[in-house]
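Residue-level structural notes
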Amino acid sequence: MGADDPRRFIPRTDRLLSHPELRRAGAHLGSDVIGSIVQQFQALARSGEIAPEDVESRILAAVSSRQVTSLKSVLNATGVIVHTNLGRAPLSEASREALLTAAGYVDVELDLVDGTRSGRGVGAREALLRACPAAESALVVNNGAAALVLATTVLAGLGEVVISRGELVEIGAGFRLPDLIESTGARLREVGTTNRTHLRDYEAALGDRTGCLLKVHPSNFRISGFTAGVDVHQLRSLADEYNIPLVVDLGSGLLEPDQMLPDEPDVASALEAGADVVTVSGDKLLGGPQAGLLLGRAEVIETLARHPLARALRTDKLTLAALEATVSGPVTPVVAALHADPARLRERTEVLAEAVGCAVVEHDGRVGGGGGPDVPLPGWAAQLPQSVARPLRTGDPPVLPRVHDGACLVDLRCVPEDDDEQLIAAVLAALGRAGETPGTESR
Ligand SMILES: *Cc1c(COP(=O)(O)O)cnc(C)c1O
């Protein structure tokens, strides 16, 4: 490199790293992240893509916009409440606060009075039992699938899991419940047909090889027409007669009935109808963190909790904290979105439409996550050209709209009201009109 080579003027690594702003940023982003950003801009200067004198300012800009996680907060403008691709349930304020507390050392497995080891996750369990008094006991595992696998593996033992052919469902991303159950060595005994299963079908399958009865809520689809099924109450009488456990997998996680979703089964009703154990997800309609809940008879839950598999499926302290706060705290964002007042949604949507100059159309929201698949949630959306969807998704903050019938629909059901102004700014930016103050657009 000659004396007049501009690369000579690229700032040296040690000088850059000693910059007070980079030292401060390093304390929370980590020195590896800072080091790689420094190298990246030095390399750009070496290859002539940026001027050596710009290296420092470019590094400072990159560091200041760098987040601690690559996950980005997204405004969910789809109208789909439990959106699996967006991480299902947004947590309540109480739940977020609990996560911060649990991030440090916490007494998750310690009795502070005696200084001895205690049961894990007692707080979450007690909150669940207060919220669902029909359950004698509860156990929390990693997710709904884990809860189902634990219940069937342990209760069926070497025997068969007896299930209706109408309930052999695929739950998403290509995962099928039958495969899941058989993956730990349990064997399925399918009874009935896709559209009709009778009590006598179950009865004909019961015998020495029977391990447990399983009823699965088909969640994401409905069969209509010439159909017949056997309810939990009827299965209870068979379970008693043959002295076998009855497991009910409900998925979506309502602890009690919700009048918005009259066909969505709930834990309390299933237990009252005679289930020994009910399994649900924590991050569907319950509105909490990813978790699998097992609720039911004390003796059965105790057996499940003692099985070695329970240790492999156990939950993190963060989940236990967030779940407890979800169940015992105020209304969750999921429940609020489910019960959003259509008149208020319309007012908010009109403010948005007025600010950006577009039409308001009727738009049904959805429960999502397999809940209430055929239940429309009446509401409204701002209707934009389809070409706006991409700039919306890639904007800051990213907004996920619903693209439907050649239009880009912005539904406010799942957008916290406090974020409305931010959303309007994001839509204006996506339309190439960033900086316009709401209400001053030319039409
Ligand atoms: C969603 C669902 C599951 C799986 O629960 P995850 O929490 O996603 O693991 C199992 N059974 C039913 C009926 C479901 O709807």
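Residues numbered from 1 in each chain as written. Predicted model: local features only at pLDDT ≥ 70, side-chain atom pairs only at ≥ 80, totals over all residues. Heavy atoms only, no water.

**Some details on the environment of Gly144**
Which entries qualify depends on this criterion: Helix and strand definitions follow DSSP, with helices as H or I runs of at least four residues and strands as E runs of at least two, each counted in order from the N terminus. Relative accessibility thresholds used throughout: buried, under 20% of the residue-type maximum; exposed, over 50%; partly exposed, between the two (1.4 Å probe, protein chains only). Throughout, a contact is declared for two residues whenever any of their heavy atoms are within 4.5 Å.
Among the secondary structure elements, Gly144 is positioned in helix 7 (residues 144-156). With a relative accessible area of 13%, Gly144 lands in the buried category. Measuring from C-alpha to C-alpha, the distance between Gly144 and Leu155 comes to 16 Å, with eleven residues separating the pair along the chain. With sequence-adjacent residues up to four places away left out, Gly144 is seen in contact with Val280, Ser281, Ala291 and Gly292.

**Examining the state of the cysteines**
Defined as follows: The rule for a disulfide is simple: a pair of cysteine sulfur atoms within 2.5 Å.
Under the definition given, this model contains zero disulfides. This cysteine, Cys414, is not joined by any disulfide, and Cys408 carries the nearest cysteine sulfur, 15 Å off.

**Re the sheet that holds strand 1 (residues 75-77)**
Spelled out, the test is: Strand pairing is assigned whenever DSSP detects at least two bridges linking the two strands. A fitted line through C-alpha atoms represents every axis, and for helices the fit uses only the stretch in contact; the resulting angles, taken between N-to-C directions, go from 0 to 180 degrees.
Strand order in the open sheet formed by five strands is 1-17-18-16-14, with mixed pairing between adjacent strands. Taken across any chain shown, the strands that pair with only one partner, and hence form the sheet edges, are strand 1 and strand 14 (359-362). Pairwise comparison of adjacent strand axes, ignoring direction, gives a mean angle of 40° for this sheet. Judged from the four bridges that link them, strand 14 and strand 16 (residues 380-385) form a sheet pairing that is antiparallel. If you follow Glu362 over to strand 16, its bridge partner there is Trp380. Helix-sheet contacts for helix 16 (residues 342-356) involve strand 14, strand 16 and strand 18 (407-410), and the interaxial angle to strand 16 is about 25°.

**Side note on the packing of helix 2 (residues 20-29) against helix 4 (residues 55-65)**
Heads up, the rule is: Angle categories are assigned with fixed cut-offs, so that under 35 degrees is roughly parallel, over 145 is roughly antiparallel, 65 to 115 is roughly perpendicular, and the rest are oblique. Crossings are classed by handedness, with left-handed meaning an anticlockwise turn of the near helix from the far one by less than a right angle and right-handed meaning a clockwise turn.
Packing of helix 2 against helix 4 leaves a shortest axis separation of 11 Å and a crossing angle of 30°. By the angle class used here, helix 2 and helix 4 are roughly parallel. As for the relative orientation of helix 2 and helix 4, their crossing is left-handed in sense. Counting all contacts with helix 2, which are made through Glu21, Leu22, Ala25 and Leu29, the residues of helix 4 involved are Ile59, Leu60 and Val63.

**Here's the deal with the site of the ligand**
Which entries qualify depends on this criterion: It suffices for a single heavy atom of a residue to lie within 4 Å of a molecule or strand for the residue to be listed as near it. Counted as a polar contact is a pair of N or O atoms within 3.5 Å, where, for protein atoms, one must be capable of donating a hydrogen and the other of accepting one, and residues adjacent in sequence contribute only when both atoms are in side chains.
Around the ligand, the neighbouring residues are Arg88, Asn143, Gly144, Ala145, Ile171, Leu177, His217, Ser219, Asp249, Gly251, Ser281 and Lys284. Interatomic distance of 2.8 Å between a backbone N/O atom of Gly144 and an oxygen atom of the ligand. The contact in question runs from an oxygen atom of the ligand to an N or O atom on the backbone of Ala145, over 2.8 Å. Every element with two or more residues in the shell around the ligand is listed here: helix 7 and strand 11 (246-251).

**With respect to the sheet that holds strand 10 (residues 210-216)**
With respect to topology, seven strands assemble into an open sheet ordered 5-13-12-11-10-6-9, the strand pairing being mixed. Single-partner strands in this sheet number two, and they are strand 5 (137-141) and strand 9 (187-191). In this sheet, adjacent strand axes meet at a mean angle of 25° when their direction is disregarded. Running at roughly 130° to strand 5, helix 6 (residues 122-131) makes contact with strand 5 and strand 13 (292-296) of the sheet.

**Focus on helix 14 (residues 317-328)**
Since the α-helix packs 3.6 residues into each turn, any two residues three or four apart lie on the same face. For clarity, the cut-off: A helix is expected to span 1.5 Å for every residue after the first.
Across its twelve residues, helix 14 extends 17 Å between first and last C-alpha, which sits within 8% of the 16 Å expected from 1.5 Å per residue. Turning to helix 14, its buried residues are Thr319, Leu320, Ala321, Ala322, Leu323, Ala325, Thr326 and Val327.

**Details of the packing of aromatic side chains**
Convention followed: Stacked, tilted and edge-to-face pairs are distinguished by plane angle, under 30 degrees for stacked and over 60 for edge-to-face with tilted covering the rest, among Phe, Tyr and Trp rings (Trp via its six-membered ring) whose centres lie within 6.5 Å. Here, a charge over a ring means that NZ of Lys or CZ of Arg falls within 6 Å of the ring centre while also lying within 35 degrees of the ring normal.
Tallying each qualifying case throughout the model produces zero aromatic pairs. Looking at Arg196, its charged tip hangs above the ring of Phe226, at a distance of 3.7 Å from the centre.

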